[in-house]
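Residue-level structural notes
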Amino acid sequence: MRRFRIFTTIAAASTLLIAGCGTADQDSATPAASGGLTPIKLQLQWFYQAQFAGYIAAVDQGFYKEQGLDVQLLEGGIDIVPQTVLAQGKADYAVAWVPKALASREQGAGITDVGQIFARSGTYQVAWKDSGITSPAQFKGKKIGNWGFGNEFELFAGMTKAGLDPGKDVTLVQQQFDMQALLKHEIDAAQAMSYNEYAQLLEAKNPKTGQLYTADDFSIIDWKQNESAMLQDAVWANTSKLGDANYQAQTVKFLVGTIKGWAFCRDNPEKCRDMVVAKGSKLGKSHQLWQMNEVNKLIWPSTGGIGVVDDAAWKQTVEISQTTKNQTGDTVLKKAPEGEAFTNDYINQAITQAKAAGVDVNGASFQPQTVTLTEGGA
């Protein structure tokens, strides 16, 4: 997921940032002595899973090496904030959710979105079908689970649009990064990612029937359907270094390899599932295939080309970041992003090069699979 503990409230972000945030080492673009490849470090958001399959495939299939890059993937974790790792010069690029990265920028992190890989949000709020909850307006008086740590703002935007005060009209429950509270009926609606926690529900056994739960047992509120969605996984680069011609060229090369990796996973989901499992994922094969399929839906089809920032989606994310308050009254951003928060310059160059190499960068014919989950996602 995106599931790293960035801060309990956005206002507390300054405690994380950024002693001498500076820039990444200027020699990071120097070719390695062996093989003539440029060493690159990419910081991921979380532990290895199919959310990052395109990057794993780009390494495994040699797409980065074709570009003259030796890419090392840095696994994420609970206390790793990718955009901070990037800003501190400990990585050359990072994968992070847009609102969280923009919050870090506001606190001084010099980073720029150079590739908006996920064009769509994967965040759901899930309730039991028999609860009758089908919209955020029906959250009133209910126990509503959320992860916090900066992951809650789509939920809060949805409730606000429905005329609810998130701090008064619902009982907010700190949700663990699983679905146990919903399964145990301790909460009425739970936060979930389409590619991860929602699958955990469908991998669980109904004790009344002895069979796995199905989609018919649940109702989904998808934030994409009520203008409450925010942009998520993007590739972030070091803003200061983007003034250097070598880093600019390296960024294009990195994005070309990344495009090829994600296109490969679109066309070969089972192979990418296997790569992720082989990388050491703690989640099983059926779960990872589900995740691969759902992640592909967030990328493909891509009318403007994979990784291009859509202006309307960006503006919506920024607006929600500035105006939506959580239960403590905090917003993600205090003002609109300043400077070069995003640019399509490098991804457009990469798209041109990938197309010239025969890569389908739009995926107009993409059709998702039907994935059968097994108990526990094994």
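Refer to the structure presented above.
Conventions used here
- Residues numbered from 1 in each chain as written.
- Predicted model: local features only at pLDDT ≥ 70, side-chain atom pairs only at ≥ 80, totals over all residues.
- Heavy atoms only, no water.
- Core = buried A, V, L, I, M, F, W, Y, C linked by side-chain atoms within 4.5 Å.
- Buried < 20%, exposed > 50% of the residue type's maximum accessible area, 1.4 Å probe, protein only.
- Helix = DSSP H or I, 4+ residues; strand = E, 2+ residues; numbered from the N terminus.
- Contact = heavy atoms within 4.5 Å.
- Polar contact = N/O pair within 3.5 Å; in protein donor to acceptor, adjacent residues only side chain to side chain.
- Pairing = 2+ DSSP bridges.
- Salt bridge = Lys/Arg side-chain N within 4 Å of Asp/Glu carboxyl O.
- Axes fitted to C-alpha atoms, helices over the stretch in contact; angles between N-to-C directions.
- 1 Å grid on protein atoms, 1.4 Å probe; cavity = no way out; pocket = protein on both sides within 12 Å on 5 of 7 lines; lining within 4 Å.
- Points joined across faces, edges and corners; volume = space filled by probe spheres on them.
- Nonpolar A, V, L, I, M, F, W, Y, C, P; charged D, E, K, R; others polar.
- Parallel < 35°, antiparallel > 145°, perpendicular 65-115°, else oblique.
- Left-handed = near helix turned anticlockwise from the far one by under 90°.
- Phe/Tyr/Trp six-rings, centres within 6.5 Å; stacked < 30°, edge-to-face > 60°.
- Lys NZ or Arg CZ within 6 Å of the ring centre and 35° of its normal.

1. Some thoughts on the nonpolar core
In this structure, Leu42, Tyr55, Phe254, Ile259 and Trp262 are the most contacted members of the largest nonpolar core, which totals 58 residues. With 10 residues, helix H8 (residues 245–267) is the largest single contributor of residues to this core. In contact with Ile259, not counting residues within four places along its chain, are Ile306, Ile347, Ala350, Ile351, Ala354, Val359 and Val361.

2. Quick look at the side chain of Gln45
Mapped onto the elements of the fold, Gln45 is located in the loop between strand E1 (38–43) and helix H1 (53–60). There is a polar contact of 2.8 Å between the side chain of Gln45 and the backbone nitrogen of Trp97. Within the structure, Gln45 has its side chain in polar contact with the side chain of Asp233 (distance 3.3 Å).

3. Let's talk about the pairing of strand E4 (residues 111–115)
Of all 5 residues in E4, 5 are buried; the element is thus mostly enclosed. As paired strands, E4 and strand E10 (residues 234–238) are joined by 4 bridges and run antiparallel to one another. Bridge pairing in E10 links Asp113 to Trp236.

4. Notes on the pattern of salt bridges
Summed over the entire model, instances satisfying the criterion amount to 9 salt bridges. Lys224 is the salt-bridge partner of Asp222, the closest N and O atoms lying 3.1 Å from each other. Of the residues examined, Asp222 reaches a relative accessible area of 12% and is grouped as buried. Judged by its relative accessible area of 33%, Lys224 is partly exposed. A salt bridge links Asp267 to Arg266, with the shortest nitrogen-to-oxygen separation between them at 2.9 Å.

5. Re the sheet that holds E10
The sheet built from 5 strands is open, its strands ordered E2-E1-E3-E10-E4 with mixed pairing. Both edges of this open sheet fall to strand E2 (69–74) and E4, since each of them pairs with a single strand only. Pairs of neighbouring strands in the sheet enclose a mean axial angle of 30°, with direction left out of account.

6. Re empty space enclosed by the protein
All told, the structure shown has 1 cavity of 30 Å³ or more when counted by the stated rule. Looking at the largest cavity, its volume works out to about 30 Å³. In terms of lining residues, the largest cavity is bounded by Trp97, Pro99, Gly150, Asn151, Phe153, Glu154, Met230 and Val332. The class makeup of the residues in the lining of the largest cavity is 5 nonpolar, 2 polar and 1 charged.

7. Some details on the environment of Arg120
Here Arg120 shows up in the loop between E4 and strand E5 (123–128). Not counting residues up to four positions away in its chain, the partners in contact with Arg120 are Lys224, Lys297, Leu298, Ile299, Trp300 and Pro301. At 3.1 Å, the side chain of Arg120 and the backbone oxygen of Lys297 are in polar contact. Within the structure, the side chain of Arg120 is placed 3.4 Å from the backbone oxygen of Ile299, a separation counted as a polar contact.

8. Comments concerning helix H4 (residues 98–106)
In terms of residue burial, H4 counts as a mostly covered element, since 8 of its 9 residues are buried. Three or more residues of H4 are buried, namely Val98, Pro99, Lys100, Ala101, Leu102, Ala103, Ser104 and Arg105. Considering only its buried residues, H4 is in contact with helix H3 (82–87), strand E3 (93–96), E4, E10 and helix H11 (311–323).

9. Describing the packing of H8 against helix H10 (residues 285–299)
Where H8 meets H10, the axes come as close as 10 Å, and the angle between the chain directions of the two elements is 125°. With respect to their mutual orientation, H8 and H10 come out oblique. Once H8 is placed against H10, the crossing between them reads as left-handed. Contacts between H8 and H10 involve Trp262, Cys265 and Arg266 on the former and, on the latter, Met292, Val295, Asn296 and Ile299. In terms of residue class, the contact of H8 with H10 is made up of 5 nonpolar, 1 polar and 1 charged.

10. Concerning the environment of Phe153
Tracing the chain through its elements places Phe153 in helix H5 (residues 153–161). Given a relative accessible area of 2%, Phe153 falls into the buried group. Spatially, the C-alpha atom of Phe153 lies 10.0 Å from that of Asp330, the residues being 177 residues apart in sequence.

11. Focus: the packing of aromatic side chains
Applying the stated criterion across every chain, the model contains 15 aromatic pairs. Look at Tyr93 and Phe254: their rings are 4.7 Å apart centre to centre, the planes differ by 10°, and that puts the pair in the stacked class. Here the residue Tyr93 occupies a position in strand E3, and Phe254 occupies one in helix H8, the gap between them amounting to 161 residues. In this structure an aromatic cluster arises from ring pairing among Tyr55, Phe118, Tyr195 and Trp262. The ring centre of Trp97 lies 5.2 Å from the NZ or CZ of Lys100, which sits over that ring. Directly above the aromatic system of Trp300 lies the positively charged group of Arg266, at a separation of 4.3 Å from the ring centroid.

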